[in-house]
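Residue-level structure breakdown
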Amino acid sequence: MVVDLLRVCGTRAGFNAEFVAVPFDEVKETIRDGRADAIFPIGMNPERRKIFDFTEPLFVTGAALFTRRSDPYSALPSFDDLAGKIVTTPRSGPLVGYIASRFPEVTLTQSDDYDESLAQLMRGDADAAALNLQVGAAMVAQRWSKSIRIPQRAFLELPLAVAVSRGKNAELISELNETLEAMRMDGTLDEVVIRWKPPNNL
């Protein structure tokens with residue numbers, strides 16, 4: 001979905017985006033070491049605003065709790081259901097500090113990436129995986145739809161945007177913001193997001 005969004009946005013803004021694939025824990029370094037001019041997608045939060053400048057959000061995603069279908073709380077899981085249980089999330093993602101500070105009643109464990117978090121859940125090493133709703137839903141639909149339930153609500157909304165190093169590439173941010181506003185006004189943004197709506201596997 002995010003590749004689709006940025007390609008449409010880039011075409012409207014008059015440039016072709018070249019995508020650089022990097023390991024999950026190296027995403028932030030790609031603009032620091034010159035491999036890329038910008039990062040997308042990246043969630044906007046106070047910590048990241050200290051080191052990055054952001055465009056306006058392309059869309060608002062959410063963080064959700066993925067659980068095994070066999071668990072009694074899997075239909076609408078909450079952190080209240082998980083008191084005393086283990087929740088896994090990628091260590092380089094935006095949820096580690098959020099969960100640790102707001103939900104001390106759960107045991108937080110950190111993984112290398114989404115694949116590892118879902119594998120921990122499947123093995124029983126974790127009772128829930130806290131992941132981006134859209135990304136987690138797509139991965140579950142491909143591999144674990146019979147065992148893991150795709151959540152129908154998020155516990156945290158997170159706007160996703162394009163980020164550049166703070167104080168640099170102001171022209172790129174301005175061009176993208178103008179294009180995003182035009183796409184928002186004519187409905188193009190909504191069309192792309194709807195096209196990639198997570199499947200319902202209730």
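What you see is a predicted model; the values in this text were computed from it and never measured. (Residues numbered from 1 in each chain as written. Predicted model: local features only at pLDDT ≥ 70, side-chain atom pairs only at ≥ 80, totals over all residues. Heavy atoms only, no water.)

Quick look at unusual backbone geometry now. Cis geometry is found at the peptide bond from phenylalanine 40 to proline 41, where omega equals 0°. Although it is not a glycine, asparagine 169 adopts a positive phi angle of roughly 55°. Locating asparagine 169 in the fold gives a position in the loop between strand S8 (156-165) and helix H7 (170-186). (Helix = DSSP H or I, 4+ residues; strand = E, 2+ residues; numbered from the N terminus.)

Here the focus is the pairing of strand S4 (residues 86-90). In summary, the side chains of a regular strand alternate between the two faces of the sheet. Counted residue by residue, S4 has 4 buried out of 5 residues, so it is predominantly covered. For S4 and strand S5 (residues 107-111), the ladder comprises 5 bridges, and the chain directions are parallel. When the bridges of S5 are listed, isoleucine 86 appears paired with threonine 107. Crossover handedness for the path S4 to helix H4 (residues 96-102) to S5: right-handed. (Buried < 20%, exposed > 50% of the residue type's maximum accessible area, 1.4 Å probe, protein only. Pairing = 2+ DSSP bridges. Right-handed = clockwise from strand over helix to strand, strands pointing away.)

What follows covers the environment of aspartate 80. For aspartate 80, the location among the structural elements is in the loop between strand S3 (59-68) and S4. For aspartate 80 and glutamate 105, which are 25 residues apart along the polypeptide, the C-alpha to C-alpha distance reads 8.5 Å.

This next bit is on the side chain of serine 74. Note on placement: serine 74 falls in the loop between S3 and S4. A relative accessible area of 4% means that serine 74 is categorised as buried.

Here the focus is helix H6 (residues 133-143). Within H6, the full set of buried residues consists of Leu133, Gln134, Gly136, Ala137, Met139 and Val140. Sitting at the amino-terminal end of H6 is asparagine 132, which places a side-chain oxygen 3.0 Å from the backbone nitrogen of glutamine 134. (Polar contact = N/O pair within 3.5 Å; in protein donor to acceptor, adjacent residues only side chain to side chain.)

We now examine the pattern of salt bridges. Applying the stated criterion across every chain yields a total of 12 salt bridges. Here arginine 166 and aspartate 53 are joined by a salt bridge, their closest N and O atoms 3.1 Å apart. Residue arginine 166 is found in the loop between S8 and H7, and its partner aspartate 53 is found in strand S2 (residues 52-54); the two are separated by 113 residues along the sequence. Residue class for aspartate 53 comes out partly exposed when judged on its relative accessible area of 23%. Between arginine 68 and aspartate 71 there is a salt bridge whose closest N-O contact spans 3.4 Å. (Salt bridge = Lys/Arg side-chain N within 4 Å of Asp/Glu carboxyl O.)

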